[in-house]
Amino acid sequence: MAKKKVATKLEREHLSKVASLGCLVCQRPANVHHIRPVGLGMGMRSSHYQTIPLCREHHQGQFSIHNCKQEFEAMYGTEHEMLQKTLKEIENIEEANNFFNYNKGENND
Ligand SMILES: [Zn+2]
Ligand SMILES: [Zn+2]
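Residues numbered from 1 in each chain as written. Chains lettered and ligands numbered in written order. Predicted model: local features only at pLDDT ≥ 70, side-chain atom pairs only at ≥ 80, totals over all residues. Heavy atoms only, no water.

Q: Describe in detail the pattern of salt bridges, supporting the description with residues and values.
A: Scanning all chains against the criterion turns up five salt bridges. Glu 57 is the partner of Arg 28 in a salt bridge, and the nearest nitrogen-oxygen pair spans 3.2 Å. Here Arg 28, found in the loop between helix H1 (9-20) and strand S1 (31-34), pairs with Glu 57, found in helix H2 (residues 56-60); they are 29 residues apart in sequence, far enough to count as distant. For Glu 57, a relative accessible area of 45% puts it in the partly exposed group. Across the pair Lys 69 and Glu 79 runs a salt bridge whose closest N-O atoms are separated by 3.6 Å. (Salt bridge = Lys/Arg side-chain N within 4 Å of Asp/Glu carboxyl O. Helix = DSSP H or I, 4+ residues; strand = E, 2+ residues; numbered from the N terminus. Buried < 20%, exposed > 50% of the residue type's maximum accessible area, 1.4 Å probe, protein only.)

Q: For the coordination of the zinc ion (ligand 2), give the residues involved together with the corresponding values.
A: Summarising the metal site, the zinc ion (ligand 2) is bound by the protein donors His 33 (ND1), His 59 (NE2) and His 66 (NE2), whose distances to it range over 2.0 Å. Going along the chain, you hit the donors of the zinc ion (ligand 2) in the pattern H-x25-H-x6-H. With His 33 in strand S1 and His 66 in the loop between H2 and helix H3 (69-76), this pair connects stretches of sequence that are 33 residues apart. (Donors = N, O, S within 2.8 Å, 3.2 Å for Na, K, Ca; no water.)

Q: Pulling in residues and values, what's your account of the coordination of the zinc ion (ligand 1)?
A: The zinc ion (ligand 1) binds to the protein through Cys 23 (SG), Cys 26 (SG), Cys 55 (SG) and His 58 (ND1); the donor distances cover 2.0 to 2.3 Å. Coordination at the zinc ion (ligand 1) is tetrahedral, judged from the four donor atoms that bind it and the angles of 103 to 115° they form at the metal. Read in sequence order, the donor residues coordinating the zinc ion (ligand 1) give the pattern C-x2-C-x28-C-x2-H. On the criterion of sequence distance, the pair formed by Cys 26 in the loop between H1 and S1 and Cys 55 in the loop between strand S2 (51-54) and H2 is long-range, its members being 29 residues apart. Residue Cys 55 is classed as buried on the basis of its relative accessible area of 3%. (Tetrahedral: all angles 85-135°; square planar, octahedral: opposite > 155°, others 65-115°.)

Q: Please set out the pairing of S2 residue by residue, giving values where relevant.
A: In S2, alternate side chains face the same way, and those of Thr 51 and Pro 53 on one face and Ile 52 and Leu 54 on the other are all buried. With four bridges connecting them, S1 and S2 associate as antiparallel partners. Pairing of Val 32 across the sheet is with Pro 53, part of S2. (Pairing = 2+ DSSP bridges.)

Q: Describe H1, and please don't skip the residues or the numbers.
A: Relative to the 16 Å expected for twelve residues at 1.5 Å per residue, H1 spans 16 Å between its end C-alpha atoms, a close match to the ideal helical length. Residues of H1 that are buried include every one of Glu 11, His 14, Leu 15 and Val 18, and no others. In a view along the axis of H1, the buried residues occupy a sector of 100°, so they form one face of it. Of the residues in H1, the exposed ones pointing more than 90 degrees away from the buried face are Lys 9 and Ser 20. At the C-terminal side of H1, Gly 22 shows a positive phi close to 85°. (Expected span 1.5 Å × (residues − 1). Arc of directions from axis to C-beta.)

Have a look at this one:
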């Protein structure tokens, strides 16, 4: 059995960025949901980079990805589509931050 994986600093930073996006469905404050990895055997733990933000209700409530997965995915897209969207949004935020830092650097010269 593999040892329980502890999130590294980078993984923790990523997780907090994911959560900070807010729920993909309703934009309320979110927790991260680890999606099931594609192409890996059953029981493989998904990585901390394969996470999407969902609020408590859409994560584990009555109508949620955990309780009504089929209906949930039919309505809002599959986990993997939501992951792409999440990663794209984080990329956009990081690009904006880099741009900002770059300009700040220029001004300080
Ligand atoms: Zn929600
Ligand atoms: Zn979950």
